Amino acid sequence: MDLPIDFATLRVLWWGLLGVLLIAFALTDGFDLGVGALLPFVARTDEERRMVINTVGATWEGNQVWFVLGGGAIFAAWPLVYAVSFSGFYLAMFLVLSALILRPVAFKYRSKRTSPKWRAFWDWSLFISGFVPALMFGVAVGNVLLGAPFRLTSELRIFYDGTLLALFTPFSLLAGLLSVAMLVVHGAAWLSIKAERGPVLDRARTYGTIAAILSLILFAAGGFYVAYGGVGYAVTGVLDVQGPSNPLRALTEAVPGAWLTNYQTYSWMMAAPVLGFLGALAALAGIWRRSAVLAFGGSSVSTVGIISTVGLSMFPFILPSSIDPASSLTVWNASSSHLTLFIMLVCTIIFLPLILIYTTWVYRVLWGRTSTAELKTNPDLY
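Parameters at a glance
Residues numbered from 1 in each chain as written. Predicted model: local features only at pLDDT ≥ 70, side-chain atom pairs only at ≥ 80, totals over all residues. Heavy atoms only, no water. Core = buried A, V, L, I, M, F, W, Y, C linked by side-chain atoms within 4.5 Å. Buried < 20%, exposed > 50% of the residue type's maximum accessible area, 1.4 Å probe, protein only. Contact = heavy atoms within 4.5 Å. Helix = DSSP H or I, 4+ residues; strand = E, 2+ residues; numbered from the N terminus. Salt bridge = Lys/Arg side-chain N within 4 Å of Asp/Glu carboxyl O. Phe/Tyr/Trp six-rings, centres within 6.5 Å; stacked < 30°, edge-to-face > 60°.

**Q** Looking at this model, I keep getting lost on the nonpolar core. Mind explaining?
**A** If you look at soluble globular proteins, the nonpolar side chains tend to sit buried side by side. In terms of nonpolar packing, the biggest core is built from 99 residues, with W14, V42, V52, W78, L191, W259 and L329 touching the most fellow members. Apart from residues no more than four positions distant in its own chain, L191 is found in contact with V35, L38, V42, V52, T55, L201, A204 and R369.

Quick look at the structure:
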């Protein structure tokens, strides 16, 4: 069957779509995680904490759609990547999902009782549900850059030789802290839009400033380590971008510093790290100037830049192997079939705009600041 789009183009399109879905998740549910991580520190009274919770209370469930879509895209478009990552990183995934499951329970039960201890327990649960996923997502990215300890046999059976504690290396922890700082800035910027003006915003301004500065420092430190820390992988054999998916048909090797090769070859890719730095600076300026638009716009641009920096530096790799580089999974050797990718693309073209239209409509309807006074009159608030 002749398809209107060739196999290689479809592979690249789905690599790009996967990046779009991950960025959309970071931009939407990212500020939910950031607000959760900030909750015990920016809000001190019960009314302040309820107000902060309700800045994300109306939209957090819809924002998780992008997380589900990202996981579904990996499963359908990159089945080998899904099989290796979700089985090898099982315990890490369990921690993330446990924290995410804790969030709706905390939202629903927090205000069911007036006991200060009861409410404090759920407030700290919301902190955990924001901090732990933010940290673990960054740790996962750090391990992807370092390479995962898996290997494939000639029958494509997967063997994973890592442990949960082995995921927490100095570099992966640096990446995890960068993820936390990036999302805390995003959460503080969201509060500048949605929270009522007062002491909560003043505290969010303080923590947002610290997080923005840490984002700049950690992003620069991560780039330095990638350049000089001896990490990187490269395809050294002949590429068959139209060939069938088989991770063992291409020769890949560990090559220190190879993650910077794409930036040397394609100078336009430098826009990604530049946006990462400039966005954080803009967010910092917006926080200090009390400009909600500049703060949130800057944190969004920084998030896009930081995530894009990782994706562009690794292309065509999706999940390299640290113990057997020849088993590394790339855009060219780990995708679904030509027909599967095409059918999925058609479905995406139909349904993704509908999701975007609905999401835009929801945010438009629910737009406006959340106030402590509203807590006494609106029974629908948490």
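That was the structure; now back to the text.
**Q** Just to check I follow, could you spell out the side chain of T309 for this structure?
**A** Within the fold, T309 resides in helix α12 (residues 292-314). The class for T309 is buried, based on a relative accessible area of 13%. Other than its neighbours up to four places away in sequence, T309 contacts F219, Y263, A272 and P273.

**Q** I'm lost on the pattern of salt bridges in this one. Help?
**A** A side chain of one charge can pair with a side chain of the opposite charge if their charged atoms are brought near each other. Summed over the entire model, instances satisfying the criterion amount to 8 salt bridges. Between D46 and R110 there is a salt bridge, with its nearest N and O atoms 2.8 Å apart. Here the residue D46 occupies a position in helix α2 (residues 46-57), and R110 occupies one in the loop between α6 (90-109) and α7 (116-146), the gap between them amounting to 64 residues. The partner of D161 in a salt bridge is R151, and the shortest N-O contact between them spans 3.7 Å. Residue D161 is found in the loop between β2 (158-160) and α8 (170-194), and its partner R151 is found in strand β1 (residues 150-152); the two are separated by 10 residues along the sequence.

**Q** How should I be thinking about the packing of aromatic side chains in this particular structure?
**A** The relation between two aromatic rings is expressed through the spacing of the ring centres and the mutual angle of the planes. Per the stated rule, a full pass over the model turns up 29 aromatic pairs. Measuring from centroid to centroid gives 5.4 Å for W124 and F127, while their planes differ by 75°, and the two rings are edge-to-face. Pair noted here: W124 and F127 are both in helix α7, with a separation of 3 residues, about one helical turn. For W124, a relative accessible area of 40% gives the class partly exposed.

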